[in-house]
Amino acid sequence: MSEIRHGIDDLLVLMAVLRDPEQGCPWDLEQDWDSIVPHTLEEAYEVADAIERRAFDELPGELGDLLFQVVYYSQFAREEGHFDFHDVVHTLTAKMVRRHPHVFPEGTLESRRPAGVSAEQVETRQVHSRWESLKAEERTGRSEEPLGASVLDDIPRTLPALSRAAKLSKRAARVGFDWPDATGVIAKIREELDEVEQALAEGDRDHAAMEVGDLLFAVTNLARTLKADPERCLRDTNAKFERRFRHVEWALAECGMTPRDVDLDTMERHWQEAKRLESAVSETSVGHSESSSGGDRP
């Protein structure tokens, strides 16, 4: 007997039962729009973590947890008479069809490009320009600002600060508010660092903290200029720091000690050892890759 495969309708029934006042779960019945938001953010990060680790065996579960958040909000909305899950699916599908006229030329899901025109033959720059133009039109229709739509509209305030800084600066750059190249951003970083040092020299820690925010924003702009995701950059550095510090702890534990038992110079020595080991592993990996590629390269 084969295992039953559940579909999306089963998930919607599950949510409705969990929220049923008579037969539901007490915890689920206590939840509301605001209480679920932290769980949504956590689930999104767990998806990202599984992808970065290439943990594909975990990914269906993590994606399911994230989908469950969408079903949760849709249930709240259905109970209050705003919309339901099917409205979410319809709105998303209609929006994607509208934003892809190079794929659905007649504005319907059934329409297609003429035969013989491949995706590679579609001009990427034109596609991107059209996409941004359509998004701008949508922002104009949604704007509640008294002075009209802003290019900064619809950037969620709940995004991680680095991600939101990158999006804010990217939007501003589209209308010309940007440095001509990375050199200007680096000069700005030095300027902001000087202002942090000046505030510290004056003993004004609050002002220094504010200047650190400016410094972080400038560094975020540098990442954008390099076409790098600042969140990914910092996550990679976090992982690198964690690996090296764990090596420090391990090396000290081999001697029956902890970081609290030694001075900074001793920890620094083990830290540098961790860096050397990482460098050696990296060089070995590169050498193996080149040797297995079929011969020496000029």
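Above this text is the structure in question.
Quick summary incoming for the structure in this document.

Next up on the list: the overall build of the protein. Looking only at helices and strands, the protein features 11 helices and 0 strands. In sequence order, the secondary structure elements of the protein are arranged as α-α-α-α-α-α-α-α-α-α-α. Buried positions account for 24% of the 298 residues belonging to the protein. Once local pairs closer than 6 in sequence are excluded, the contacts in the protein between residues at least 24 apart make up 50%. Put simply, the protein shows about 21400 Å² of open surface, and 56% of that area lies on carbon and sulfur atoms.

What follows covers the packing of aromatic side chains. Counted according to the given criterion, the structure contains 7 aromatic pairs. By way of ring pairs, the aromatic residues Trp 33, Phe 68, Tyr 72, Tyr 73 and Phe 76 are connected into one cluster.

Residue position: Arg 98 is located in helix α5 (residues 85-99). Along the primary structure Arg 98 and Thr 108 are separated by 10 residues, whereas in three dimensions their C-alpha atoms are 8.1 Å apart.

To continue, consider the nonpolar core. Counting 10 residues, the largest nonpolar core consists of Leu 11, Leu 12, Met 15, Ile 36, Phe 68, Val 71, Tyr 72, Tyr 73, Phe 76 and Phe 85. Mapped by element, the contributors of at least two residues to this core are α1 (8-18) and α4 (59-80). Per element, the largest residue contribution to this core is 5 residues, and it comes from α4. Every residue in contact with Ile 36, bar those within four places of it in the chain, is listed here: Trp 27, Gln 31, Gln 69, Tyr 72, Tyr 73 and Phe 76.

Reading guide: rules and limits
- Residues numbered from 1 in each chain as written.
- Predicted model: local features only at pLDDT ≥ 70, side-chain atom pairs only at ≥ 80, totals over all residues.
- Heavy atoms only, no water.
- Helix = DSSP H or I, 4+ residues; strand = E, 2+ residues; numbered from the N terminus.
- Buried < 20%, exposed > 50% of the residue type's maximum accessible area, 1.4 Å probe, protein only.
- Contact = heavy atoms within 4.5 Å.
- Areas by Shrake-Rupley, 256 points an atom, 1.4 Å probe, with all protein chains shown as cover.
- Phe/Tyr/Trp six-rings, centres within 6.5 Å; stacked < 30°, edge-to-face > 60°.
- Core = buried A, V, L, I, M, F, W, Y, C linked by side-chain atoms within 4.5 Å.

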